[in-house]
Amino acid sequence: MRPLIAGNWKMHGTRAEALALAAALRAGCGDVAHCDLLVCPPATVLHAVAQALAGAPIALGGQDCHGEANGAHTGDIAAAMLRDAGASWVILGHSERRADHGETDETVREKVLAAVSAGLCPIVCVGESAAQRAEGRETEVVGWQISGSLPQDFSGVIAYEPIWAIGSGQHATPADVTTMHAFIREELHRQFGACGAGISILYGGSVKPANAAELLALPEVGGALVGGASLVADDFLAIARATPR
Ligand code: 13P
């Protein structure tokens, strides 16, 4: 499996800012052909970024979609709309959505089904809070999230993002990442049999150019889901370059 380096721009970017970032990524991505690159801009700029990146080896994704194909859901975005705007991926169940919008594992599972039926590849986020880790419950929590959020015959990617590592500057230790990714792999095997081996597991949470080489070389780390550092083209591309070949 080729490593995937995905940027989650979160709620950042006017059209001018997004286009400047896209232009810098396009200009600098020539020497990172050993990984797959993906950016997930805000929905309002998705189409403009898709046009700016047309023909470049950088895929586009949304940051969320609704669980239904269409309907009376003010403010929501359907998976097919993301696809129409140029996305081929979508991040689902990010901890910020679970916290800000009360998304449950069941909501996330419905969204995964909607995404797949619209032709999008889902990246499903899981991860424990600081309190849950302090109680020694991190694998239990992540195990429940995996069994609750993934439908039968899941095809997509998992992102392990410990909540306490997101935006804190404090990434999970290599030992903790190794333990959790091995656990997730076991769970995927348990749920999906042999197909579980083909599901890539990204790490996310304060991935920066300075720690990327160490984190991305760990077993069962199939790439990174990058927040803050994905807003700076040089940093995002430096993370991609640090990915083992
Ligand atoms: P940071 O890289 O800013 O910690 O964010 C990680 C994240 O939430 C990506 O989805």
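Details of the structure are given in the entry above.
Calculation notes
- Residues numbered from 1 in each chain as written.
- Predicted model: local features only at pLDDT ≥ 70, side-chain atom pairs only at ≥ 80, totals over all residues.
- Heavy atoms only, no water.
- 1 Å grid on protein atoms, 1.4 Å probe; cavity = no way out; pocket = protein on both sides within 12 Å on 5 of 7 lines; lining within 4 Å.
- Points joined across faces, edges and corners; volume = space filled by probe spheres on them.
- Helix = DSSP H or I, 4+ residues; strand = E, 2+ residues; numbered from the N terminus.
- Nonpolar A, V, L, I, M, F, W, Y, C, P; charged D, E, K, R; others polar.
- Buried < 20%, exposed > 50% of the residue type's maximum accessible area, 1.4 Å probe, protein only.
- Arc of directions from axis to C-beta.
- Axes fitted to C-alpha atoms, helices over the stretch in contact; angles between N-to-C directions.
- Parallel < 35°, antiparallel > 145°, perpendicular 65-115°, else oblique.
- Left-handed = near helix turned anticlockwise from the far one by under 90°.
- Contact = heavy atoms within 4.5 Å.
- Near = heavy atom within 4 Å.
- Polar contact = N/O pair within 3.5 Å; in protein donor to acceptor, adjacent residues only side chain to side chain.
- Core = buried A, V, L, I, M, F, W, Y, C linked by side-chain atoms within 4.5 Å.

Peer 1: Just to check I follow, could you spell out the layout of surface pockets for this structure?
Peer 2: A probe as big as a water molecule, rolled over the atoms, marks out the empty space that is left. Size it by volume and the largest pocket reaches roughly 580 Å³. Looking at the lining of the largest pocket, the elements that each hand over two or more residues are helix H2 (43–52) and helix H4 (95–100). No other element matches the 3 residues that H4 contributes to the lining of the largest pocket. Classifying every residue of the lining of the largest pocket by side-chain character gives 7 nonpolar, 7 polar and 6 charged. Estimated volume of the second largest pocket: approximately 250 Å³. Lining the second largest pocket are 22 residues, with Lys10, Ile166, Gly167, Gly227 and Gly228 positioned closest to its centre.

Peer 1: Sorry if this is basic, but what is going on with helix H10 (residues 233–241) here?
Peer 2: Working note: α-helix, 3.6 residues per turn, so residues spaced by three or four point in the same direction. Along H10, the positions that sit buried rather than exposed are Ala233, Phe236, Leu237, Ile239 and Ala240. For H10, the angular spread of the buried residues around the axis is 150°, confining them to a single face.

Peer 1: Looking at this model, I keep getting lost on the packing of helix H5 (residues 105–117) against helix H7 (residues 138–149). Mind explaining?
Peer 2: One can describe the packing of H5 onto H7 by two numbers: an axis separation of 8 Å at closest approach and a directional angle of 45°. By the angle class used here, H5 and H7 are oblique. For the pair H5 and H7, the crossing hand works out as right-handed. On H7, the residues touching Asp105, Glu106, Val108, Arg109 and Val112 of H5 are Trp144, Gln145, Gly148 and Ser149. Here the residues of the contact of H5 with H7 are counted per class, giving 3 nonpolar, 3 polar and 3 charged.

Peer 1: Sorry if this is basic, but what is going on with the site of the ligand here?
Peer 2: Surrounding the ligand, one finds 13 residues, the nearest of these being Lys10, His94, Gly167, Ser206 and Gly228. One nitrogen or oxygen atom from the main chain of Gly167 is found 2.6 Å from an oxygen atom belonging to the ligand. Note that an oxygen atom of the ligand is positioned 2.8 Å from one of the backbone N or O atoms of Ser206. Residues belonging to the shell around the ligand are distributed by class as follows: 4 nonpolar, 7 polar and 2 charged.

Peer 1: What exactly am I supposed to notice about the side chain of Arg98 here?
Peer 2: With respect to the helices and strands, the residue Arg98 is situated in helix H4. Within the structure, Arg98 has its side chain in polar contact with the backbone oxygen of Cys125 (distance 3.1 Å). Every residue in contact with Arg98, bar those within four places of it in the chain, is listed here: Gly93, Glu103, Thr104, Asp105, Val108, Cys125, Gln145 and Ser149.

Peer 1: What is the right way to read the nonpolar core from this model?
Peer 2: The biggest cluster of nonpolar side chains holds 64 residues, and the ones touching the most others in it are Ile5, Leu25, Leu37, Ile158, Ile184, Leu188 and Tyr203. When residues of this core are assigned to their parent elements, the largest contribution, 6 residues, is made by helix H8 (residues 174–192). Ignoring any residue separated from it by four or fewer positions in sequence, one finds Ile5 in contact with Cys35, Asp36, Leu37, Leu38, Leu216, Gly223, Ala224, Val226, Phe236, Ile239, Ala240 and Thr243. Residues Leu4, Trp89, Ile123 and Cys125 belong to the second largest nonpolar core, which totals 12 residues.

By themselves, these observations are geometric and do not establish any function.
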